[in-house]
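# Commentary on secondary and tertiary structure
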Amino acid sequence: MMDNVRSISTSGLLHSAAMLFDDRVLKITAPGGKSRGTYRLHFADRMIIASHRPKNERAALEARVLSALSPHCDDLPRFLGKHQHVVFQSDVGSVRASHAAQNASVVGRAALADQAVQALFRIQNAARSTNLSQTLRTLGPDKPWTSRAVAVVDALADRGGITVPAFNRDTLIDALLPHRHRFLKWDSRSGNAALDHTGRLRWFDFEYAGMRHGAEDFAWLIADENWAVDCETMCETVQRHLDPDHPDSPDAYMTYLSRYATIHAFQRLNLIISEVGKRGWRRKERVLHYDDVGIHPDLGLRQCQRAAALADRDPLTRPLVSLITPIMDAFAAAQMGTKALVAE
């Protein structure tokens, strides 16, 4: 089979399942839509997840990570087998954390945040009992990468029709350089966690795992436009559960987290605007159901507020708050139905 296969047919999926399981598949559903490549296989007495990865190296990485972590941690799917580009894993639940938080009370959201953060810390710590730190690549590996990440401020200034505010770009770029302190799940958006029938939250999708500082996993969650938990609650939750063995002091850890989360929130905001320009607005329920980019005015406004609040947490990023105002005005106008946001 080729190393890069963009999609899989139903017959191909059934063939892969037949190579590993004796049971007959009764039905196949696609919880994130067929374009996402994740399928739920329904057997007579159970359901499992089959994740088709376009690149075999991603499938192999996910299989290796799940195999290594599962004996040490119950906060992720159990690895059930791999055939070609398809990784089979246990079904951790059908309710996405993003959807659960959207419909929860303030107290319920705080409880979900606590579950999500503790689970990520346990996953990171479980990796220390494996050899993953010696074999996984560094994510965001160098200064060119961090420079491109910080360049999102230029894109947002252009979209808002304003001049980039004066800030210490070089210092911020250097502050975000990688340190191989911890295993990272990566892509830890709230749509990549699910709750089972008992309400237990687990994380899935480990195809991009690697090594870096460790706070990036929490930054992905805090900066997720579909996660209905405010950044102050999230930062307090992370700080409460900090790993005492992390090389950074608590203050240094939280400073790094705030800076990285700010840039990531800006990147998500830029992505929202871009996707609105390509596809227009979508119903909020549809966005959350399919774990889509937050292309609804309410979610865009929430992301503006989140990005501004994160930037305001640190003197190095505080000047960037002014980038948000014109974009927030455009989202507010779209929310009121007075005009559509035009990207590009």
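Numbers given to residues run from 1 along each chain, matching the order in which its sequence is written. For a predicted model such as this one, the threshold for reporting local features is a pLDDT of at least 70, and the threshold for listing and counting side-chain atom pairs is 80 or more; totals across whole chains, interfaces and linings nevertheless cover every residue. The side-chain numbers reported here are obtained from all heavy atoms of the structure, hydrogens and water having been left aside.

### Considering the packing of helix α4 (residues 106-127) against helix α10 (residues 231-240)
Two quantities define a packed helix pair, namely the angle between the axes and the distance from one axis to the other. In plain terms, the rule: Between N-to-C directions, angles span 0 to 180 degrees; the directions come from axes that are lines fitted to C-alpha atoms, helices contributing only their stretch in contact. Secondary structure follows DSSP: runs of H or I at least 4 residues long count as helices, runs of E at least 2 residues long count as strands, and numbering of each begins at the N terminus. Should an angle fall under 35 degrees it is taken as roughly parallel, and over 145 as roughly antiparallel, whereas 65 to 115 is taken as roughly perpendicular and any remaining angle as oblique. Left-handed describes a crossing in which the near helix is turned anticlockwise from the far one by less than a right angle; the clockwise case is right-handed. Working rule for contacts: check all heavy atoms of both residues, and any pair within 4.5 Å makes them a contact. Here the nonpolar group is Ala, Val, Leu, Ile, Met, Phe, Trp, Tyr, Cys and Pro; Asp, Glu, Lys and Arg are the charged ones; every other residue, Gly included, is treated as polar.
Between α4 and α10, the least distance of the axes is 10 Å, while the angle of their chain directions is 40°. It follows from the interaxial angle that α4 and α10 lie oblique. Between α4 and α10 the crossing geometry is right-handed. Each of A113, D114, V117 and F121 in α4 lies in contact with α10, whose residues at this interface are M234, T237, V238 and R240. Of the residues in the contact of α4 with α10, the class split is 5 nonpolar, 1 polar and 2 charged.

### Quick look at the sheet that holds strand β6 (residues 95-96)
How we decide: For two strands to count as paired, DSSP must find a minimum of two bridges between them.
The antiparallel open sheet is built from 3 strands, whose spatial order is β6-β8-β9. Each of the sheet's edge strands pairs with one partner strand only, and the pair in question is β6 and β9 (201-203). Across 3 bridges, strand β8 (residues 193-195) lies against β9 in antiparallel orientation. In the strand pairing of β9, A193 is matched with W203. With respect to the sheet, α4 is in contact with β8 and β9, its orientation differing from that of β9 by roughly 45°.

### Some thoughts on the sheet that holds strand β4 (residues 79-83)
The strand order across the open sheet built from 5 strands is β1-β2-β3-β5-β4, with neighbouring strands paired in antiparallel fashion. Each edge of the open sheet carries a strand with a single partner, namely β1 (27-29) and β4. Put simply, the sheet's adjacent strands are angled 25° from each other on average, direction ignored. As defined by bridge partners, β4 adjoins strand β5 (residues 86-90) across 4 bridges and the pair is classed as antiparallel. Residue pairing for β5: H83 is matched across the bridge by V86. Running at roughly 120° to β4, helix α1 (residues 10-20) makes contact with β1, β2 (38-42), β3 (47-52), β4 and β5 of the sheet. This element, helix α2 (residues 56-69), spans β3, β4 and β5 of the sheet and lies at about 155° to β4.

### Concerning α4
Rules: A helix is expected to span 1.5 Å for every residue after the first. Remark: exposure states derive from per-residue accessible area (1.4 Å probe, protein chains only) relative to the maximum for the residue type, with buried under 20%, exposed over 50%, and partly exposed in between.
Over its 22 residues, α4 runs 32 Å from end to end, which matches the ideal 32 Å to within 8%, given 1.5 Å per residue. Those residues of α4 lying buried are L112, A113, D114, A116, V117, A119, L120, F121, I123, Q124, A126 and A127.

### Some remarks on the packing of aromatic side chains
What counts is decided by this rule: Only Phe, Tyr and Trp rings are paired, with Trp represented by its six-membered ring, and only when their centres lie within 6.5 Å; those with planes under 30 degrees apart are stacked, over 60 edge-to-face, the remainder tilted. To sit over a ring, a charge needs its Lys NZ or Arg CZ within 6 Å of the ring centre and within 35 degrees of the ring normal.
The full count for this structure, using the stated rule, is 7 aromatic pairs. Ring geometry for Y256 and Y260: centres 6.0 Å apart, planes at 25°, overall stacked. Residue Y256 and its partner Y260 are both found in helix α11 (residues 250-279); the two are separated by 4 residues, about one turn of the helix. Taken as a pair, Y256 and Y260 share a single burial class, namely buried. Grouped by ring-pair contacts, the aromatic residues F21, F43 and F88 constitute a single cluster. Positioned above the aromatic ring of F43 is the side chain of R46, whose terminal nitrogen or guanidinium carbon lies 5.0 Å from the ring centre. The residue whose ring lies beneath K185 is F206, and the NZ or CZ to ring-centre distance is 5.2 Å.

### Description of the environment of L299
Within the secondary structure layout, L299 lies in helix α13 (residues 297-311). On the basis of relative accessible area, L299 is assigned to the buried category, the value being 1%. Taking the C-alpha atoms as reference points, L299 and S51, 248 residues apart in sequence, are found 28 Å from one another. Once residues lying within four places of it in the same chain are set aside, the contact partners of L299 are E225, N226, K284, V287 and G294.

### Side note on α1
To keep it simple, the criterion reads: The reported arc concerns the directions from the helix axis to the C-beta atoms and nothing else.
The set of residues buried in α1 consists of L13, S16 and A17. Within α1, the buried residues cover an arc of 100° as seen down the axis, which keeps them to one side. For α1, the exposed residues lying more than 90 degrees away from the buried face are S11, A18 and M19. Buried residues in α1 make contact with β1, β2, β3, β4 and β5.

### So, unusual backbone geometry
In this structure, Q84 takes a positive phi of about 55° despite not being glycine. Of note, W186 is a non-glycine position whose phi angle comes to about 70°, a positive value. Mapped onto the secondary structure, W186 falls in the loop between β7 (182-184) and β8.

### Digging into the confidence of the model for the protein
Stated formally: pLDDT: the predictor's confidence for each residue, scored from 0 to 100.
Per-residue pLDDT for the protein averages 94, and the proportion of residues at 70 or more is 96%. Low confidence marks residues 338-344, where pLDDT is under 50. Its contacts with residues over four positions away, or in another chain, come to 16 contacts.

### Digging into the pairing of β2
The buried count for β2 comes to 5 of 5 residues, which makes it a mostly enclosed element. Judged by which residues are buried, β2 turns out to be covered on both faces: T38, R40 and H42 on one side and Y39 and L41 on the other are all buried. Sheet topology note: the β1/β2 ladder contains 3 bridges and is antiparallel. From the neighbouring strand, K27 faces β2, where its bridge partner is H42. Strand direction decides the pairing type here: β2 and β3, joined by 5 bridges, are antiparallel. Bridge pairing in β3 links Y39 to A50. If you look at the hairpin formed by β2 and β3, you'll find 4 residues sitting between the two strands.

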